[in-house]
Amino acid sequence: MNTIQIKDKLFTVSIKEQEIQKEVIRVANEINRDLAGKNPLLLSVLNGSFMFTADLLKHITIPCEISFVKLASYQGVSSTGTIKEVIGINEDIAGRTVVIVEDIVDTGLTMQRLLETLGTRRPQEIHIASLLVKPDKLKVDLNIEYVAMNIPNDFIVGYGLDYDGFGRNYPDIYTVID
Ligand code: 5GP
């Protein structure tokens, strides 16, 4: 299935499942190497990162915990730059090594807000793992240590990411064409 239609938009496949899995395993290995002995708390940002989180976790071999937060910042195909926290952080993260697991960093404003929120809870350190980054759209200075793939500025769906709620179920990533 090279082309899919979601509502009014056409998308074409841009990153195949096999390539995604290869990069996710590489990121997991980097985390295993860097955070051994730190019992990291992985904080997955719902909804978009659920598939990335599941695949990543299967390849994390060091002791770790997982928790979920939910934010909303996107309607349609352009970022509003505002976020609302829907599900908060239940864990005590004071003194912990936290790894934020995000689906995509676009302008970076969502991540910046999340870092600010988490920072007030006195974690030992916060790392960022993002499946995708659009480097040309970044508006803020972020140290995104773990990146599976950098992509161009186009709107994408699949592998957890949606267009208006649909398209999260595809194992490949698709780019909008029309
Ligand atoms: P930022 O605050 O970095 O501009 O936006 C981050 C959020 O916007 C992501 O967590 C994601 O929900 C959404 N987003 C940004 N780019 C895309 C995209 O190409 N496709 C989809 N489906 N969501 C995106």
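Up top is the structure.
Residues numbered from 1 in each chain as written. Predicted model: local features only at pLDDT ≥ 70, side-chain atom pairs only at ≥ 80, totals over all residues. Heavy atoms only, no water.

Caption draft 1: Geometry of the overall build of the protein. When you go through the protein residue by residue, the secondary structure sums to 3 helices and 10 strands. Seen in sequence order, the protein has helices and strands lined up from the N terminus as β-β-α-β-α-β-β-β-α-β-β-β-β. In terms of C-alpha radius of gyration, the protein reaches 16 Å, essentially the compact-globule figure of 16 Å for 178 residues. If you line up the protein on its principal axes, its C-alpha atoms span 45 × 35 × 25 Å. Every one of the 178 residues in the protein was classed for burial, and the buried ones make up 49%. Once local pairs closer than 6 in sequence are excluded, the contacts in the protein between residues at least 24 apart make up 68%. Approximately 8700 Å² of the protein is accessible, and the part contributed by carbon and sulfur atoms is 47%. The averaged location of the 24 negative side-chain charges in the protein is 3 Å from the averaged location of its 18 positive side-chain charges. (Helix = DSSP H or I, 4+ residues; strand = E, 2+ residues; numbered from the N terminus. Rg over C-alpha atoms; globule rule 2.2 N^0.38 Å. Buried < 20%, exposed > 50% of the residue type's maximum accessible area, 1.4 Å probe, protein only. Contact = heavy atoms within 4.5 Å. Areas by Shrake-Rupley, 256 points an atom, 1.4 Å probe, with all protein chains shown as cover. Lys, Arg positive; Asp, Glu negative; His and termini not counted. Charge placed at Lys NZ, Arg CZ, Asp CG, Glu CD.)

Caption draft 2: Here's a closer look at the packing of aromatic side chains. Summed over all chains, the structure comprises 4 aromatic pairs. Measuring from centroid to centroid gives 6.0 Å for Phe 155 and Tyr 163, while their planes differ by 75°, and the two rings are edge-to-face. Each member of the pair, Phe 155 together with Tyr 163, is buried. Taken together through their ring pairs, the aromatic side chains of Phe 11, Phe 155 and Tyr 163 make up a single cluster. (Phe/Tyr/Trp six-rings, centres within 6.5 Å; stacked < 30°, edge-to-face > 60°.)

Caption draft 3: Focus on the environment of Ile 6. Turning to its location among the elements, Ile 6 is positioned in strand β1 (residues 3-6). According to the relative accessible area criterion, Ile 6 is buried, its value standing at 5%. Note: C-alpha distance between Ile 6 and Gly 165 (159 residues apart in sequence) is 9.7 Å. Not counting residues up to four positions away in its chain, the partners in contact with Ile 6 are Phe 11, Val 157, Tyr 163, Phe 166, Gly 167 and Tyr 170.

Caption draft 4: Examining unusual backbone geometry more closely. Backbone torsion omega between Leu 46 and Asn 47 reads 0°, so that peptide bond is classified as cis. Inspection of the secondary structure assignment puts Asn 47 in the loop between β3 (41-46) and α2 (50-58). Despite not being glycine, Lys 7 has its phi angle at roughly 50°, a positive value. Among the structural elements, Lys 7 can be located in the loop between β1 and β2 (9-15). Unlike most non-glycine residues, Arg 122 shows phi in positive territory, near 55°.

Caption draft 5: Broad picture of the side chain of His 127. One can find His 127 in strand β7 (residues 125-133). Here His 127 falls in the buried class, since its relative accessible area comes to 9%. A distance of 2.7 Å separates the side chain of His 127 from the side chain of Glu 145, its partner in a polar contact. Beyond its immediate chain neighbours, meaning those up to four positions away, His 127 contacts Leu 35, Thr 97, Val 98, Val 99, Ile 100, Glu 145 and Tyr 146. (Polar contact = N/O pair within 3.5 Å; in protein donor to acceptor, adjacent residues only side chain to side chain.)

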